[in-house]
Amino acid sequence: MDFPTRYEPKLVEKHWYKFWENQGYFTPNLKSKKPRFCIVIPPPNITGVLHMGHALNGTLQDIIIRFKKLQGYETLWLPGVDHASIATHNQIEKLLAKQGKTRFDIGREEFLKLAWEWKDKHANIILDQLKSLGAACDWTRTRFTMDEQLSRAVREAFVRFYEKGLIYKAYYIINWCPRCHTSISDLEVKYKESATKIWYIKYPLKTDSGEIVAKNYIVVATTRPETMLGDTAVAVNPNDERYKSLIGKKAILPLVNRVIPIIAEETVDVEFGTGAVKVTPAHDPVDFEIGKKHKLEVVKVIDEDAKITEQAPLKYQGLSREKARELIVEDLATQGYLEKVEDYSHRVGTCVRCETLIEPLVSLQWFLKTKPLAEPAIKKVEDQSIRFYPQRWTKVYLDWMYNIRDWCISRQLWWGHRIPAFYCDDCNNLMVTREDPKECNKCHSKNIRQDEDILDTWFSSALWPFSTLGWPDDTEDLRQFYPTNLLSTDPDIIFLWVARMIMTGLEFVKDIPFKDVYIHSTVLAETGERMSRSKGIGVDPLLLIDKYGACALRFTLAYLETESQSYRFWEKKVELGRNFANKIWNAGRLISMYLETAENREERHSLNSIISTLKDPIDIWIFNRYFQTVESVTNALERYAYSHAASALYTFFWDDFCDWYLEICKIRLRNNDKIVLDVLKIIFENVLILLHPFMPFLTEELWHRFNYQPTSSILDAVWPKVDNTEKQILHLQSSAISLFETLQKLVTGIRNIRAEMNISSDKKVTCLINTQDKTLKEYLLAAIPAKIIKELAKVSEIESSDHRPSQSSVVIIKDLEVYIPLTGVINFEKERKRLEDELQTVQKELDKINNLLANDDFLTKAKPSVVEREQERKMKYEDKIKRLRAAIASLG
RNA sequence: GGGCGAUUAGCUCAGUUGGUUAGAGCGCUUGCCUCACAUGCAAGAGGUCACCUGUUCAAAUCAGGUAUCGCCCACCA
């Protein structure tokens, strides 16, 4: 088979993806006896294109799905897309704007037609992009939040909530986006620091006679003077000495001349502003509450277009809120009501979608009572039925849930699930039904019409984990895969989505929607800012896949994914993954070359059959390292420690397997030591399995180059396990492992000296092994290890020696000494200084150890193994000092 | 105002229950195109672990506090 020296992702990725998909590897077998494992994808918006957040979350979910599949689970990763009500509206309104139209010009029906066209055109784009990442989603189960069945789920949920009395319709202060022309929930308001002003306005006090007395007034401070038109009270703190006497009196609202009460309100901060607050129940959430408490009039002076209403004085009616502010301030000033104006900076609410300033206003909306739903949802997290990873998010979730507020679920938009509420125009009857009613169920009038509003997008998302599995029908999918196992998402939507899924899942399916919630890091741009396509900040994952391959990107992302809240990411970092992929590729290439040569083309032995026959310390060492890696990768993935898993694989494969084991194999093979072929094949193939969740395409390709069965996939393989007996066998040979580790240190030490002292590679160097440890000496001087030392450290001769150092440089590697005789090359002064420095360091260290060992507390309280280790160190260091002194003396 | 993170090498970050000489990648220096890989190999330099005070035989790690940065929540008009 052709085996190029570079791994070329483009040549293999498309092919293997099709292969997996066509062979049904992503579709679970509902008849199998295996345990189930399911992830339901956070549905991307149909308006979206794959960004780094998707790429990261897609990678993480795919890693777990493939890991679980290899571990023997029947897995389902269920994909889908969200109709994204407001986001889609924005897109279509943009299209309309190009023709100078608004959605109101073309009407609901025409608008919905355009929206469905948009959906048909765009929904698949992001899903296809997910495929290029390698996502093992079951595309036969792709769902859309507005599918017939999912819409039925939404309606069922709404009706059940309503019947239970959890959904109500009320006039309430809500966040209104004048641009989107809809209400939005508290969570969709984004607060931004804004530099503005604060105006101090004098409100004259009403005297008993009713005249306005110039010096008799109360001053209120406001950042929104235009709302004063709707003021219906002034509130002061009942404990505020300045105003105590005014409570119960009346003030006269300037410009409007309304008489408004001065009321006592404990929440008023005495320190802030003047300590007196204007109260505008119709346009401020806090004031709304105050208004309710004090039964104040609600005067709505700003309408849904952010214009002044007819409830305001004629002069201001129809003005925009900005214009009205200007004029009102001007009028206040000319009429002497404006005390002063100060610069002020505070946070103003904006629409998360379009950044328009939010107008809080009173409006008739649908709400979902959340307290009764939150209770069980809190319990399931408190008792750890649902676990957050990293754990700290648990508190974030709980804090929000403890203080949860009712959810405004109606939106004055068109694209979405229309509220299944019907009104009878004749008798005003309200019907909430599963089927569209044909007539009024009270007066049988046919004059009925459906509520115009639709539901918040997140209402359907809240049902996603079970609506996608078939709910409200009792489906096989639902029975087999609910509760799902993992929900992986970003921190932004813990409240918007995660919390609500838990509440609805418990309410409707009577069980948690998922067991684990993994909250991944936020990928930031190189500058530390959030990536933003519109601002041109950040990188495009699709370009990275195109340039470096999906495996490179995936591995890099996993490698960087730790528990921290965010990390910076830029293109250059993908080279880590790309280089690693290439390293794996080339190791595969080398091993396959060995296995392919005519004389080696025999059946290789299995792990079980060779494990107990292993004799060479090098083989024992590499198997030991391999087993450690299997364990740490498995453990890490079980607790979503992606970075740990990735770096364990990286280090093992590159440092241990390639740089040491493979290099040594070359030498051993030249000496006809054929057992390495078995070891190479066993370890390489198993590491491919371990690597597969991270690098699916690369590992599949290599798998096929080692297993000549065109119909099977690496996904059919079995995740490596560490057998206890295998572990024991190796454990008994720990002395063998340390033999090889000493050889490593020796080689490194010699290389070090050579490089440091600039000894050219053609210079002949003899290595004298001088140690009291007989086993060690025997091992190092044996034929193969000696060859290894010679080749790896570029030593020409290797001999046993009991000499004390004479005129030479000295390397000390623990209790082992290596003398490299060098005529005329050595710099004695430099060498002496180096030795003296080392002597000093070692002496210091020894002093520390001695202190420690003289300490009774240490001896009694420290673990025995630690004490033992310190005692060993002491002996080693004392020995070392002796030898260093001797070496220094020998230099003359 | 509250909560949560972060602060470790020039840069970006690891550091799993306190315990040998604090690690990696990139960058840098030196030497190598060694017949898997220059997307590579070998060697090296580089750190008062933000600061203070404690706890402990022992602190990057634990406690308390300070500073700076970031994220989230909250009704300061």
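Draft legend 1. Representation of the overall build of chain A within the structure. The secondary structure content of chain A amounts to 28 helices and 29 strands. At 37 Å, chain A has a C-alpha radius of gyration far larger than the 29 Å of a compact globule built from 892 residues. Sorting the 892 residues of chain A into buried and exposed places 55% on the buried side. In chain A, the proportion of contacts linking residues at least 24 apart, taken out of those at least 6 apart, comes to 77%. Accessible surface, chain A: about 40900 Å² in total, of which carbon and sulfur atoms supply 50%.

Draft legend 2. Geometry of the packing of helix α15 (residues 550–560) against helix α21 (residues 696–706). Where α15 meets α21, the closest approach of the two axes is 7 Å, and the angle between their N-to-C directions is 125 degrees. Comparing their axes, α21 and α15 come out oblique. Note on element contacts: α21 touches α15 through Pro696, Phe697 and Leu698, opposite Ala550, Cys551 and Arg554. Looking at side-chain class alone, the contact of α15 with α21 contains 5 nonpolar, no polar and 1 charged residues.

Draft legend 3. Here's a closer look at a negative patch on the surface. A cluster of acidic side chains, namely Glu109, Glu110, Glu117 and Asp120, defines a negative patch on the protein surface. Along the chain, aspartate 120 falls in helix α4 (residues 103–133).

Draft legend 4. Structural view of the sheet that holds strand β6 (residues 182–184). Across the sheet, which stays open at both edges, the 4 strands sit in the order β6-β5-β14-β16 with antiparallel pairing between neighbours. Where the open sheet ends on each side, the last strands, each with one partner, are β6 and β16 (407–408). In this structure, strand β5 (residues 167–177) lies alongside strand β14 (residues 359–368), joined through 10 bridges in antiparallel fashion. Note that in β14 the partner of isoleucine 174 across the bridge is leucine 361.

Draft legend 5. Examining the sheet that holds strand β19 (residues 430–432) more closely. The strand order across the open sheet built from 3 strands is β19-β18-β20, with neighbouring strands paired in antiparallel fashion. Edge strands, defined here as strands with exactly one partner in the open sheet, are β19 and β20 (448–450). Across the sheet, the mean angle from the axis of one strand to that of its neighbour is 25 degrees, orientation sign disregarded.

Draft legend 6. Representation of the side chain of threonine 223. Structurally, threonine 223 is set in the loop between β8 (212–222) and β9 (233–236). For threonine 223, a relative accessible area of 18% gives the class buried. With sequence-adjacent residues up to four places away left out, threonine 223 is seen in contact with Lys197, Ile198, Trp199, Arg325, Tyr344 and His346.

Draft legend 7. Spatial organisation of the pairing of strand β11 (residues 259–264). Relative to β11, β9 runs parallel, the two being bridged by 3 bridges. In the sheet register, valine 234 faces β11, and the bridge partner there is isoleucine 262.

Draft legend 8. Highlighting the pattern of salt bridges. In this structure the tally under the stated criterion is 53 salt bridges. Measuring nitrogen to oxygen at the nearest pair gives 3.3 Å for the salt bridge that ties glutamate 148 to arginine 152. Remark: arginine 152 and glutamate 148 occur in helix α5 (residues 148–163); sequence separation between them is 4 residues, near one turn of the helix. When the shortest N-O distance is used, the salt bridge between arginine 321 and glutamate 359 registers 2.9 Å. A residue pair is termed long-range when its members are at least 10 positions apart, and arginine 321 in helix α7 (residues 321–334) and glutamate 359 in strand β14 qualify at 38 residues. Assigned by exposure class, arginine 321 and glutamate 359 land together as buried. Here the residues in one salt-bridge network are Arg224, Glu226, Arg321, Glu322, Arg325 and Glu359, joined through shared partners.

Draft legend 9. Fine view of the packing of aromatic side chains. Counted by the stated rule, this structure contains 53 aromatic pairs. For the ring pair phenylalanine 555 and phenylalanine 580, a centre distance of 4.8 Å and an interplane angle of 50 degrees mean the geometry is tilted. Of this pair, phenylalanine 555 sits in helix α15 while phenylalanine 580 sits in helix α16 (residues 574–596), and the two are 25 residues apart along the sequence. Here phenylalanine 580 falls in the buried class, since its relative accessible area comes to 0%. When the ring centre of tryptophan 139 is taken as origin, the NZ or CZ atom of lysine 131, which lies over that ring, is 5.0 Å away.

Draft legend 10. Structural context of the environment of alanine 648. Along the chain, alanine 648 falls in helix α19 (residues 642–670). According to the relative accessible area criterion, alanine 648 is buried, its value standing at 17%. Sequence-wise, alanine 648 and valine 630 are 18 residues apart; in three dimensions their C-alpha atoms are separated by 9.0 Å. Aside from chain neighbours lying at most four places away, what touches alanine 648 is Thr629, Ser632 and Val633.

Draft legend 11. Geometry of unusual backbone geometry. With omega at 15 degrees, the peptide bond leading from tryptophan 471 into proline 472 counts as cis. Take proline 472: it is sitting in the loop between α11 (464–467) and α12 (476–481). Between tyrosine 482 and the following residue, proline 483, the backbone shows a cis peptide bond with an omega angle of 0 degrees. Despite not being glycine, lysine 295 has its phi angle at roughly 55 degrees, a positive value. Turning to its location among the elements, lysine 295 is positioned in the loop between α6 (285–294) and α7. The residue asparagine 428 is not glycine, and still its phi comes out positive at about 65 degrees. Tracing the sequence through the fold places asparagine 428 in the loop between β18 (421–424) and β19.

Draft legend 12. Quick peek at the confidence of the model for chain A. Averaged over chain A, the pLDDT score is 89; the fraction of residues at 70 or greater is 91%. Considering only residues more than four positions removed or in separate chains, one finds that residues 805–810, a stretch of pLDDT under 50, has 24 contacts. Low pLDDT, under 50, characterises residues 821–827; the stretch is placed with 12 contacts to residues that sit more than four places away or in other chains. For this predicted complex, the interface score ipTM comes out at 0.97, alongside a pTM of 0.92.

Draft legend 13. Summary view of the side chain of glutamine 450. By the element assignment, glutamine 450 lies in strand β20. Glutamine 450 gets classed as buried once you look at its relative accessible area, which sits at 17%. With sequence-adjacent residues up to four places away left out, glutamine 450 is seen in contact with Arg418, Ile419, Pro420, Ala421 and Phe422.

Draft legend 14. Geometry of the pairing of strand β23 (residues 514–519). Most of β23 sits inside the fold, with 5 of its 6 residues counted as buried. Two elements, strand β15 (residues 387–389) and β23, share 3 bridges in a ladder whose sense is parallel. Bridge pairing in β23 places phenylalanine 388 opposite valine 517. For strand β22 (residues 484–489) and β23, the ladder comprises 5 bridges, and the chain directions are parallel. The residue of β23 that forms the bridge with threonine 484 is phenylalanine 514. Handedness of the crossover joining β22 and β23 through helix α13 (residues 494–509) is recorded here as right-handed.

Draft legend 15. Broad picture of the packing of helix α8 (residues 371–382) against helix α9 (residues 393–402). Remark: α8 packs on α9, axes separated minimally by 10 Å, with the N-to-C direction vectors making an angle of 155 degrees. Our classification of the angle between α8 and α9 gives roughly antiparallel. The handedness of the crossing between α8 and α9 comes out as left-handed. Residues Lys371, Ala374, Ala377, Ile378, Val381 and Glu382 of α8 form the contact with α9, whose participating residues are Thr394, Tyr397, Leu398, Met401 and Tyr402.

Draft legend 16. Spotlight on α21. Within α21, 11 of the 11 residues are buried, leaving the element largely enclosed by the surrounding structure. Those residues of α21 lying buried are Pro696, Phe697, Leu698, Thr699, Glu700, Glu701, Leu702, Trp703, His704, Arg705 and Phe706. Contacts from the buried residues of α21 go to α1 (9–22), α2 (52–70), α4, α15, α16 and α20 (675–691).

The rules we used
Residues numbered from 1 in each chain as written. Chains lettered and ligands numbered in written order. Predicted model: local features only at pLDDT ≥ 70, side-chain atom pairs only at ≥ 80, totals over all residues. Heavy atoms only, no water. Helix = DSSP H or I, 4+ residues; strand = E, 2+ residues; numbered from the N terminus. Rg over C-alpha atoms; globule rule 2.2 N^0.38 Å. Buried < 20%, exposed > 50% of the residue type's maximum accessible area, 1.4 Å probe, protein only. Contact = heavy atoms within 4.5 Å. Areas by Shrake-Rupley, 256 points an atom, 1.4 Å probe, with all protein chains shown as cover. Axes fitted to C-alpha atoms, helices over the stretch in contact; angles between N-to-C directions. Parallel < 35°, antiparallel > 145°, perpendicular 65-115°, else oblique. Nonpolar A, V, L, I, M, F, W, Y, C, P; charged D, E, K, R; others polar. Patch = residues over 30% accessible without salt bridge, like charges linked within 9 Å, V, L, I, M, F, W, Y side chains within 5 Å. Salt bridge = Lys/Arg side-chain N within 4 Å of Asp/Glu carboxyl O. Lys, Arg positive; Asp, Glu negative; His and termini not counted. Charge placed at Lys NZ, Arg CZ, Asp CG, Glu CD. Pairing = 2+ DSSP bridges. Phe/Tyr/Trp six-rings, centres within 6.5 Å; stacked < 30°, edge-to-face > 60°. Lys NZ or Arg CZ within 6 Å of the ring centre and 35° of its normal. pLDDT = per-residue confidence, 0-100. Right-handed = clockwise from strand over helix to strand, strands pointing away. Left-handed = near helix turned anticlockwise from the far one by under 90°.

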